[in-house]
Structures are given as structure tokens and as C-alpha cells.
Amino acid sequence: MEPGEDGGRVKAANEAVLIVEDDAPVRNLLKTILEAEGYPWDAAGDAAEARNRLAEKEYALVLTDINMPGES
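On a predicted model such as this, the values are computed, not experimentally measured, just so you know.

S.K.: Please set out the overall build of the protein chain residue by residue, giving values where relevant.
M.R.: A count of helices and strands for the protein chain gives two helices and three strands. Helices and strands appear in the protein chain in the N-to-C order β-α-β-α-β. Relative to its 72 residues, the protein chain shows a buried fraction of 25%. Nonlocal contacts in the protein chain, meaning residues at least 24 apart in sequence, comprise 57% of its contacts between residues at least 6 apart. Approximately 4,900 Å² of the protein chain is accessible, and the part contributed by carbon and sulfur atoms is 52%.

Here it is as C-alpha cells:
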């Protein structure tokens, strides 16, 4: 398969997505969407947890809330 033959998307070796969102319903909605599209994901509820996850693993994409309580 040539790059882009799957609808224009070029797949990365690691397509894991990190969701950083303090609002649980929004975080759960993003998880549901990513799961439906077949993407592996991890989630963090705050900036400190996100930093810990980033120290453990590389992510292809980070979806993050900008204004979170405590630390943005």
C-alpha cells in the first residue's frame, strides 16, 4: 500500500495518543472516539500525570486541555 492510500492518512509506527483533560466526561468522549477509530490511547487528568506518562512512553499525538486547575 502506498502512503496515503488509506484515505490520505499515513500511519506512524506508534500511533498512541495521550489525552490530557481534567474534565472526565470530555476525556471519556475522546477515549470513545479514538477507540472507534482503532487508535491506542492513554489518558491523564492533570499536567503532572501527563508528564509522568510522557516520561514512560512516546506518543504520536497529545490532545490537551490548555486551562486546567492547578497547572496548565
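Once the structure has been displayed, the description carries forward.
S.K.: Help me get a handle on the sheet that holds strand E2 (residues 41-44), residues and values and all.
M.R.: Ordered by their spatial adjacency, three strands build an open sheet running E2-E1-E3, and the pairing between neighbours is parallel. The two strands at the open ends of the sheet, each matched to only one other strand, are E2 and strand E3 (61-64). Averaged over all pairs of adjacent strands, the angle between their axes in this sheet comes to 20°, without regard to strand direction. Pairing of strand E1 (residues 17-20) with E3 involves four bridges; the strand directions are parallel. The partner of Ile-19 across the bridge, within E3, is Leu-63. Running over the sheet, helix H1 (residues 24-36) touches E1, E2 and E3 and is turned about 175° from E2. Contacts from helix H2 (residues 47-56) reach E1, E2 and E3 within the one sheet, and its direction differs from that of E2 by about 145°.

S.K.: Explain the nonpolar core residue by residue, including any values.
M.R.: Within the largest apolar cluster, eight residues are counted, these being Ala-16, Leu-18, Val-20, Ala-44, Ala-47, Ala-50, Tyr-59 and Met-68. Looking at this core, the elements that each hand over two or more residues are E1 and H2. Non-local contacts of Val-20, meaning those with residues more than four positions away in its chain, are made with Ala-44, Asp-46, Ala-50, Val-62, Leu-63, Thr-64, Asp-65 and Met-68.

S.K.: Account for the environment of Tyr-59, with residues named and values stated.
M.R.: By the element assignment, Tyr-59 lies in the loop between H2 and E3. Once residues lying within four places of it in the same chain are set aside, the contact partners of Tyr-59 are Asn-14, Ala-16, Val-17, Leu-18, Asp-42, Arg-53 and Leu-54. In this structure the side chain of Tyr-59 is engaged in a polar contact, spanning 2.6 Å, whose partner is the side chain of Asp-42.

Conventions we followed
Residues numbered from 1 in each chain as written. Predicted model: local features only at pLDDT ≥ 70, side-chain atom pairs only at ≥ 80, totals over all residues. Heavy atoms only, no water. Helix = DSSP H or I, 4+ residues; strand = E, 2+ residues; numbered from the N terminus. Buried < 20%, exposed > 50% of the residue type's maximum accessible area, 1.4 Å probe, protein only. Contact = heavy atoms within 4.5 Å. Areas by Shrake-Rupley, 256 points an atom, 1.4 Å probe, with all protein chains shown as cover. Pairing = 2+ DSSP bridges. Axes fitted to C-alpha atoms, helices over the stretch in contact; angles between N-to-C directions. Core = buried A, V, L, I, M, F, W, Y, C linked by side-chain atoms within 4.5 Å. Polar contact = N/O pair within 3.5 Å; in protein donor to acceptor, adjacent residues only side chain to side chain.

Nothing here speaks to function; it is geometry throughout.
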